[in-house]
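Residue-level structural notes
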Amino acid sequence: MLLTTLIFAGLAAAIHVYIFVLESLRWDLPSTRRAFGVKTDAEASATKPLAFNQGFYNLFLAVMTVVGLALVLASSTTVGATLIFAGTGSMVAAGLVLLFSSPKLARAAFLQLSAPALAIIFGLIAFTR
């Protein structure tokens, strides 16, 4: 179960790094605009500072989770598990906020929250044994 937890937590971190890249580095590109439903250049320009900031939130959640993974692998299980749960729990919460605030982005919300939710489920089994 521990390996499964670490795999899903790592996948969740990778997804959130990708979201960071989209929101903070590629916001103006047509493919990114389509993915987020941004229709015009003016809308992209107006929302760019917000997306830039949001992207860094995603990056920080990924970093927290990766540090947790590294600590678990270094046998600092309590601190590592705490960081994994904090990072993935925040990812799930953010995915739920996206789902309920923008139902048209349900597919993106489920992509954002599925891997961290599985990491939490498997982590609860792995770390409570």
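So, here is what we can say about the structure in this document. (Residues numbered from 1 in each chain as written. Predicted model: local features only at pLDDT ≥ 70, side-chain atom pairs only at ≥ 80, totals over all residues. Heavy atoms only, no water.)

Before going further, it helps to spend a moment on the overall build of the chain. Scanning the chain for helices and strands turns up five helices and zero strands. Counting only C-alpha atoms, the chain reaches 50 × 25 × 20 Å along its principal axes. For the chain, buried positions account for 36% of its 129 residues. Look at the contacts in the chain between residues 6 or more apart in sequence, and 61% of them connect residues 24 or more apart. By element, 72% of the accessible surface of the chain is carried by carbon and sulfur atoms, the whole surface being about 7,200 Å². When the 8 positive and 4 negative side-chain charges of the chain are each reduced to one mean point, those points stand 10 Å apart. (Helix = DSSP H or I, 4+ residues; strand = E, 2+ residues; numbered from the N terminus. Buried < 20%, exposed > 50% of the residue type's maximum accessible area, 1.4 Å probe, protein only. Contact = heavy atoms within 4.5 Å. Areas by Shrake-Rupley, 256 points an atom, 1.4 Å probe, with all protein chains shown as cover. Lys, Arg positive; Asp, Glu negative; His and termini not counted. Charge placed at Lys NZ, Arg CZ, Asp CG, Glu CD.)

Here the focus is a nonpolar patch on the surface. Nonpolar side chains collect at one region of the surface, where Met 1, Leu 118, Ile 121 and Ile 125 lie side by side and expose about 320 Å² of accessible area between them. Within the secondary structure, Met 1 is located in the segment before α1 (2-25). (Patch = residues over 30% accessible without salt bridge, like charges linked within 9 Å, V, L, I, M, F, W, Y side chains within 5 Å. Salt bridge = Lys/Arg side-chain N within 4 Å of Asp/Glu carboxyl O.)

With that settled, the discussion passes to the packing of aromatic side chains. Per the stated rule, a full pass over the model turns up six aromatic pairs. For the pair Phe 56 and Phe 60, a centre-to-centre distance of 5.9 Å together with 50 degrees between the ring planes defines the contact as tilted. Within this pair, Phe 56 and its partner Phe 60 are both found in helix α3 (residues 41-73), separated by four residues, close to a single helical turn. Overall, Phe 56 belongs to the partly exposed group, its relative accessible area being 25%. Its relative accessible area of 52% is what places Phe 60 among the exposed residues. Grouped by ring-pair contacts, the aromatic residues Phe 20, Phe 52, Phe 56 and Phe 60 constitute a single cluster. (Phe/Tyr/Trp six-rings, centres within 6.5 Å; stacked < 30°, edge-to-face > 60°.)

Moving on, we get to α1. Under the 1.5 Å per step criterion, the end-to-end length of α1 is 33 Å for 24 residues, consistent within 8% with the ideal 34 Å. Looking at α1, one finds that the buried residues are Thr 5, Leu 6, Ala 9, Ala 12, Ala 13, Ile 15, His 16, Ile 19, Phe 20, Leu 22, Glu 23 and Ser 24. Buried residues belonging to α1 abut α2 (30-36), α3, α4 (77-101) and α5 (106-127). (Expected span 1.5 Å × (residues − 1).)

Structurally, the position occupied by Arg 33 is in helix α2. Its relative accessible area of 13% is what places Arg 33 among the buried residues. Polar side-chain contacts of Arg 33 include one of 2.9 Å to the backbone oxygen of Lys 39. (Polar contact = N/O pair within 3.5 Å; in protein donor to acceptor, adjacent residues only side chain to side chain.)

You can see Ile 120 is positioned in helix α5. Along the backbone, Ile 120 and Gly 87 are 33 residues apart, and their C-alpha atoms lie at a distance of 9.9 Å. Ignoring anything within four residues of it in the chain, the contact list for Ile 120 reads Phe 85, Thr 88, Gly 89 and Val 92.

Glancing now at the packing of α1 against α5. At a minimum axis distance of 8 Å, the contact between α1 and α5 shows a crossing angle of 155 degrees. As judged from the angle between their axes, α1 and α5 are roughly antiparallel. Seen from above, α1 lies across α5 with left-handed handedness. Residues Leu 2, Thr 4, Thr 5, Phe 8, Ala 9, Leu 11, Ala 12, Ile 15, His 16 and Ile 19 of α1 lie in contact with α5, whose contacting residues are Leu 111, Gln 112, Ala 115, Pro 116, Leu 118, Ala 119, Phe 122, Gly 123, Ala 126 and Phe 127. Its residues assigned to classes, the contact of α1 with α5 shows 15 nonpolar, five polar and no charged. (Axes fitted to C-alpha atoms, helices over the stretch in contact; angles between N-to-C directions. Parallel < 35°, antiparallel > 145°, perpendicular 65-115°, else oblique. Left-handed = near helix turned anticlockwise from the far one by under 90°. Nonpolar A, V, L, I, M, F, W, Y, C, P; charged D, E, K, R; others polar.)

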